[in-house]
Amino acid sequence: MAGIGTAAATFVWPIGTEVEEITLEGDVNRGAYLARASGCIACHTNAEEGSAPLAGGAPLKTDFGTFYPPNLTTDPEYGMGSWTVEDFARAVRQGISPDGKPYYPTFTYPFYANFSDQDIADLWAAFQTVPPVDEAAPEHDVSFPFDQRWGLKLWRAAFLNIPNTDPEPGRNDAWNRGKELVNGATHCSACHTPRNVVGARIIAERFSGNADLPVGGKAPSILSADLLAEGWTADDLAYALRSGITPSGDVFGGSMAEVVQFGTRFLTDDDLNAMATYIMDSDT
């Protein structure tokens, strides 16, 4: 009976915080840039199947099942056409749907927790320009007990971490901008950090690599000591994020190729150099 009572309490346990009204005017161009940096297009577009941009992503096959990123177009039934900007803010910053359900952490919302109201307004303005696609993304194919979304409340309580994006005194503007991007929007540690048995990042091993990415991929260590030992420089890293070409002349493959194709190649040289500056000078 105690177990049933605990499960019932968890089921009705409220999560998240109330979102204040957002009345700021959004900048479409800045929002589109932030969407690129944040990986929205890469994850929510099934390019391999020739699907429309942001109409729903390619399957993410994991140890817990297969997840399908949802439709983010302006369609009112299958996309975000019926949402408010406050619904959007809650989803992006807190990982909670308009009907109050927690999103699976395959959505990288923990990295967006520090987005400002202006960031949200800009993103929202950009998403309002996306043509509607009246097609639902497939339902997640997740086995019991991982198909019980209420259980994610326990996961959030145990493992949800707010990103460290605040500037550090004594560091230059480029380093601090790199910290903001790497730990926030571009969410590098989502792939380059190993995860525990319940899919949470092992924070103590941040940037040390992940041999068990979805769809069988691997992400190498991007600890500065390891990159330096392999002969990387900040210039090399910035160029690789722009072109997908490594110092050895090889090219990125798998999910990193998509990161470059749909995301980092659109970033400014200043931002790419900032990311590289931070990664090559920070193992914390």
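Look up: the structure comes first, before these words.
Counting of residues starts from 1 at the beginning of each chain's written sequence and follows it residue by residue. Totals for whole chains, interfaces and linings use every residue, but because this is a predicted model, local features are given only for residues with pLDDT of at least 70 and side-chain atom pairs only at 80 or more, for both listing and counting. As a rule here, side-chain values come from all non-hydrogen atoms in the structure, and water together with hydrogens is ignored.

**Regarding the packing of helix 7 (residues 173-185) against helix 12 (residues 269-279)**
Step number 1: Only the contacting stretch of a helix is used when fitting its axis, a line to C-alpha atoms as for every element, and angles between N-to-C directions run 0 to 180 degrees. Numbering of helices and strands starts at the N terminus; helices are DSSP runs of H or I of at least 4 residues and strands are runs of E of at least 2. Put simply, helix 7 and helix 12 touch, their axes get as near as 7 Å, and they point 90 degrees apart. Taken as axis vectors, helix 7 and helix 12 run roughly perpendicular relative to one another. Contacts between helix 7 and helix 12 involve Ala174, Trp175, Arg177, Gly178, Lys179, Leu181, Val182 and Asn183 from the first element and Asp271, Ala274, Met275, Thr277, Tyr278 and Ile279 from the second.
Step number 2: Under the grouping applied here, Gly and all other residues not named as nonpolar or charged are polar, the nonpolar ones being Ala, Val, Leu, Ile, Met, Phe, Trp, Tyr, Cys and Pro and the charged ones Asp, Glu, Lys and Arg. Partitioning the contact of helix 7 with helix 12 into residue classes produces eight nonpolar, three polar and three charged. The labels follow the angle: roughly parallel below 35 degrees, roughly antiparallel above 145, roughly perpendicular from 65 to 115, and oblique for the rest. Residues count as neighbours in contact if any of their non-hydrogen atoms are within 4.5 Å of one another.

**Quick word on the sheet that holds strand 1 (residues 60-62)**
Step number 1: A strand pair is defined by DSSP finding two or more bridges across the two strands. With respect to topology, three strands assemble into an open sheet ordered 1-2-3, the strand pairing being antiparallel. Every other strand in the sheet has two partners, leaving strand 1 and strand 3 (141-142) as the edge strands with one partner each.
Step number 2: Bridge analysis of strand 1 against strand 2 (residues 65-67) gives three bridges, and the strand direction is antiparallel. Counted as the bridge partner of Thr62 is Gly65 from strand 2.

**Considerations on the pattern of salt bridges**
Step number 1: What counts as a salt bridge is simple: a side-chain nitrogen of Lys or Arg found within 4 Å of a carboxyl oxygen of Asp or Glu. Going through the model one piece at a time under the given rule, you end up with eight salt bridges.
Step number 2: With a shortest N-O distance of 3.0 Å, Arg93 and Asp117 are connected by a salt bridge. Remark: Asp117 occurs in helix 5 (residues 117-127) and Arg93 occurs in helix 4 (residues 85-94); sequence separation between them is 24 residues.
Step number 3: By relative accessible area, which is 18% here, Arg93 ends up buried.
Step number 4: Residues joined by salt bridges that share partners form a network here, namely Arg30, Asp119 and Asp122. When a residue's accessible area, from a 1.4 Å probe over protein chains only, is under 20% of the maximum for its type it is buried; when over 50% it is exposed; and in between it is partly exposed.

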